[in-house]
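Structure at a glance
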Amino acid sequence: MIDIQHLTKRYGRTIAVDDLCFTVKPGHVTAFLGPNGAGKSTTMRLMLGLDRPAHGDVRFDGKRYEHLHRPLHTVGAMLEARSMHGGRSGYHHLLWLAQSNRLPKARVKQVLEMVGLPDAARRRVSGYSLGMTQRLGIAAALLGDPPVLLLDEPVNGLDPEGIVWIRHLLKELAGQGRTVFVSSHFMAETALTAQHLIVIGRGRLLADTTVPGLIGESASLEEAFIRLTAGGQR
Ligand SMILES: Nc1ncnc2c1ncn2[C@@H]1O[C@H](COP(=O)(O)OP(=O)(O)OP(=O)(O)O)[C@@H](O)[C@H]1O
């Protein structure tokens, strides 16, 4: 479980994250939604201790990320899929991660198969399409077989087959009892994948609900989202 309490982050005069409180429970997919600039990526960086909050904290089963004994085994994350070393092959990117976290070599092969990349694994990452890079980022997040997954816009750049693949993967991971927290701008896809929704706007919590709870009387999740977040873009 992820517990976020009073999380706040400022960049100069911009309040990127404003007193956010919510929990993400295991066993289902939770989507993290918000217009451009709402504070989703900042929240995810704060969750992983990559940025320091002005107030508040984030706990994974009661522990802060920086206090986790073996972080890769507790939280698997994909934030910036493009931030990999382009000169390395996909296989070597994962091997380096596995070895620096004392994970067996065999796990690299397993995660490459899970994300459908074994054929491309020996090619340099600089030659990968966005969709392939996303798959490699997801493979890295899965390396430690973690109970918690944080994925920032994993659907970006995937083709239709890739979108269906990730829908099934996320549901399967949640079905195994993991906590799956995924940001997205794709409302139709979110409606098919997620059960729980956290919606933010200008850094503030706008909704903590289910998909039917947000849709309410609207024709679609997209319509309900646009209504809820109207005027919320920075
Ligand atoms: N390093 C930074 N320095 C200054 N301002 C920042 C920094 N990172 C984020 N911000 C600002 O914080 C706010 C939240 O940005 P963030 O990237 O977290 O939003 P987001 O919801 O992930 O947006 P998007 O959907 O466009 O990716 C924005 O106003 C952004 O300009």
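Along every chain, residues carry numbers that run from 1 in the direction the sequence is written. It should be noted that, the model being predicted, local features are given only for residues of pLDDT at least 70 and side-chain atom pairs only at 80 or more, the latter also being counted only at that level, while totals for whole chains, interfaces and linings use all residues. The basis for every side-chain value is the complete set of non-hydrogen atoms in the structure, without hydrogens or water.

Where an unreviewed UniProt entry is consulted, the protein chain appears under the name ABC transporter domain-containing protein, with the organism given as Rhizocola hellebori. UniProt positions are given in the numbering used here, feature names are shortened, and annotations may be inferred rather than shown by experiment. Listed in UniProt under the heading Sequence similarities (unreviewed entry), the comment for the protein chain reads: "Belongs to the ABC transporter superfamily."

For the rest of this paragraph, the subject is the overall build of the protein chain. For the purposes of this entry, the term helix denotes a DSSP run of H or I that reaches at least four residues, the term strand denotes a run of E that reaches at least two, and both are numbered from the N terminus. The helix and strand tally for the protein chain stands at nine helices and nine strands. A globule of 234 residues ought to have a C-alpha radius of gyration of about 17 Å, and the protein chain, at 17 Å, matches this closely. With the C-alpha coordinates of the protein chain rotated into their principal frame, the extents come out at 45 × 40 × 35 Å. Of all 234 residues assigned to the protein chain, the portion counted as buried reaches 50%. Sequence-distant contacts in the protein chain: of pairs separated by 6 or more residues, those separated by 24 or more amount to 68%. To be clear on the numbers: accessible area is Shrake-Rupley with a 1.4 Å probe, and residue cover counts the displayed protein chains and nothing else. Counting only carbon and sulfur atoms, one obtains 51% of the accessible surface of the protein chain, whose full area is about 11,200 Å². Of note, the protein chain has its 28 positive side-chain charges centred 8 Å away from the centre of its 21 negative side-chain charges. Atoms considered for the radius of gyration are the C-alpha atoms alone. The globule rule reads 2.2 Å times the number of residues to the power 0.38. Categorising residues by exposure relies on relative accessible area from a 1.4 Å probe, with only protein chains included: less than 20% of the type maximum marks a residue as buried, more than 50% marks it as exposed, and the intermediate range marks it as partly exposed. Whether two residues are in contact is decided by their heavy atoms: any pair within 4.5 Å suffices. Residues scored as positive are Lys and Arg, those scored as negative are Asp and Glu, and His as well as the terminal groups of each chain are ignored. Charged side chains are reduced to one point each, which is NZ for Lys, CZ for Arg, CG for Asp and CD for Glu.

Pairing geometry for strand β1 (residues 2–11) and strand β2 (residues 14–24), over seven bridges, is antiparallel. From the neighbouring strand, Tyr11 faces β2, where its bridge partner is Thr14. One requirement defines pairing of two strands: DSSP has to find at least two bridges between them. In this antiparallel pair of consecutive strands, β1 and β2, the connection spans two residues, and Gly12 shows a positive phi of 60 degrees. Where β1 meets strand β4 (residues 55–60), five bridges bridge the pair, whose relative direction is antiparallel.

Moving on to the domain arrangement of the protein chain. All the domain ranges listed were derived from an automatic or database domain assignment. If you check the domain split of the protein chain, you get domain 1 (2–61 + 147–229) and domain 2 (82–145). Here domain 1 and domain 2 have C-alpha centroids that lie 24 Å from each other. At the interface, 16 residues of domain 1 touch ten residues of domain 2. Throughout, the accessible surface (probe 1.4 Å) given up by two parts as they are put together, summed over both, is called the buried area. Between domain 1 and domain 2 the total buried area reaches about 990 Å² when both faces are included, carbon and sulfur atoms providing 64% of it. Salt bridges, as used here, are contacts in which a Lys or Arg side-chain nitrogen is within 4 Å of a carboxyl oxygen on Asp or Glu. Here domain 1 is connected to domain 2 by two salt bridges. Between Arg178 and Asp145 there is a salt bridge, and its shortest N-O distance comes to 2.9 Å.

Pairs were defined over the aromatic rings of Phe, Tyr and Trp, the Trp ring being its six-membered one, requiring ring centres within 6.5 Å. Orientation was assigned from the angle between planes: stacked under 30 degrees, edge-to-face over 60, tilted for the rest. Applying the stated criterion across every chain yields a total of four aromatic pairs. With a centroid separation of 5.8 Å and an interplanar angle of 35 degrees, the aromatic rings of Phe22 and Phe181 are classed as tilted. Of this pair, Phe22 sits in strand β2 while Phe181 sits in strand β7 (residues 179–183), placing them 159 residues apart in sequence. In this structure an aromatic cluster arises from ring pairing among Phe22, Phe32 and Phe181. The rule is short: NZ of Lys or CZ of Arg within 6 Å of the ring centre and within 35 degrees of the ring normal puts a charge over the ring. We note Arg122 situated over the ring of Tyr91; from NZ or CZ to the ring centre the distance is 4.1 Å.

A separate point is helix α9 (residues 221–229). Of the positions making up α9, those classed as buried are Leu221, Ala224, Phe225 and Thr229. The arc enclosing the buried residues of α9, seen along the axis, measures out at 115 degrees, which places them on a common side. Within α9, the exposed residues directed more than 90 degrees away from the buried face are Ile226 and Arg227. What the arc covers is the set of directions going from the helix axis to the C-beta atoms.

This part covers the pairing of strand β9 (residues 204–210). With six bridges connecting them, strand β8 (residues 196–201) and β9 associate as antiparallel partners. Looking at β9, one finds that His196 is bridged to Thr210. Where β8 hands over to β9, the hairpin turn is made up of two residues, of which Arg202 adopts a positive phi near 50 degrees.

Here the focus is the sheet that holds β2. What the three strands build is an open sheet, ordered β2-β1-β4; its pairing is antiparallel. Lying at the two open borders of the sheet, with one neighbouring strand each, are β2 and β4. Direction aside, the axes of adjacent strands within the sheet are offset by 20 degrees on average. Strands in contact with helix α1 (residues 40–47) are β1, β2 and β4; relative to β1, the strand with the most contacts, it is inclined by about 115 degrees. For helices, the fitted line uses only the C-alpha atoms of the stretch in contact; every axis is such a line through C-alpha atoms, and the angle between N-to-C directions lies from 0 to 180 degrees.

The relative placement of two packed helices is expressed as an angle between their axes plus a distance between the axes. Running from N to C, helix α3 (residues 90–100) and helix α5 (residues 130–142) cross one another at 20 degrees; their axes reach a closest spacing of 10 Å. Comparing their axes, α5 and α3 come out roughly parallel. The way α3 lies across α5 gives a crossing that is right-handed. Contact residues: α3 offers Gly90, His93, Leu94 and Leu97, while α5 offers Leu136, Ala139 and Ala140. Residues are grouped as follows: nonpolar covers Ala, Val, Leu, Ile, Met, Phe, Trp, Tyr, Cys and Pro; charged covers Asp, Glu, Lys and Arg; every other residue, Gly included, is treated as polar. Each residue belonging to the contact of α3 with α5 can be placed in one class, and the counts come to five nonpolar, two polar and no charged. Any angle that is under 35 degrees is reported as roughly parallel, and any over 145 degrees as roughly antiparallel; angles of 65 to 115 degrees are reported as roughly perpendicular and all others as oblique. Definitions for this section: a left-handed crossing has its near helix turned counterclockwise from the far helix by less than a right angle. A right-handed crossing has that turn clockwise.

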